[in-house]
Amino acid sequence: QVQIVESGGGLVQAGGSLRLSCAASGSIFSIYHMRWSRQAPGKQRELVAAITPGGSTDYADSVKGRFTISRDSAKNTAYLQMNSLKPEDTAVYYCNAMLGAVGYWGQGTQVTVSS
């Protein structure tokens with residue numbers, strides 16, 4: 001069992017930056033694949049970024065070059081650094097930990113980008 005708590009969301013102007021944090025507890029953090037997804041009003045949830053236990057990363061085309069996912073196993077925390085934010089990045093951002101077919105989700109953190 002893994003407990004996930006996201007933080008760091010907020011209101012930012014277009015072009016600004018935010019860093020989201022995902023604190024995981026209850027299991028061995030280092031073995032989990034960590035992912036950030038987002039869901040905008042009226043839209044399906046989409047995968048934004050992922051990082052493997054070994055540190056390999058993958059990004060949605062819409063955020064490549066602007067977002068960076070990372071992880072700190074000593075702190076049991078994953079991060080999403082978001083730069084050059086756009087109004088279309090506005091969404092609730094969710095962190096989840098995956099191990100095989102089993103996944104654990106947090107409650108989400110709201111990111112709002114004003115134009």
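The preceding data block contains the structure.
First, a word on scope: everything that follows refers to the structure included in this document. Everything numeric here is computed off the predicted structure, so don't read it as measured data.

### Here's the deal with the pairing of strand E5 (residues 46–51)
Logical step 1: Pairing geometry for strand E4 (residues 33–39) and E5, over five bridges, is antiparallel. Among the inter-strand pairings, Met34 is bridged to a residue of E5, identified as Ile51.
Logical step 2: In this structure, the hairpin formed by E4 and E5 is closed by a connection of six residues, where Gly42 is found at a positive phi of approximately 75°.
Logical step 3: As paired elements, E5 and strand E6 (residues 57–59) share three bridges and run antiparallel to each other. Within E6, the residue paired with Ala50 across the bridge is Asp58.
Logical step 4: Hairpin connection, E5 to E6: the antiparallel pair is bridged by five residues, and Gly55 has positive phi, about 100°.

### Remarks on the state of the cysteines
Between two cysteines, a covalent bond joining their sulfur atoms is known as a disulfide.
Logical step 1: Counting across every chain of the model gives one disulfide.
Logical step 2: Each disulfide pairs two cysteine sulfurs, and for Cys22 the partner residue is Cys95, the sulfurs being separated by 2.0 Å. Because the torsion about its S-S bond is -70°, the bridge between Cys22 and Cys95 counts as left-handed. In this pair, Cys22 is assigned in strand E3 (residues 18–25) and Cys95 in strand E9 (residues 91–99), connecting sequence segments 73 residues apart.
Logical step 3: A residue is classified by how much of its surface remains accessible, and Cys22, at 0% relative accessible area, is buried.
Logical step 4: Residue class for Cys95 comes out buried when judged on its relative accessible area of 0%.

How each quantity is defined
- Residues numbered from 1 in each chain as written.
- Predicted model: local features only at pLDDT ≥ 70, side-chain atom pairs only at ≥ 80, totals over all residues.
- Heavy atoms only, no water.
- Pairing = 2+ DSSP bridges.
- Helix = DSSP H or I, 4+ residues; strand = E, 2+ residues; numbered from the N terminus.
- Disulfide = S-S within 2.5 Å.
- Buried < 20%, exposed > 50% of the residue type's maximum accessible area, 1.4 Å probe, protein only.

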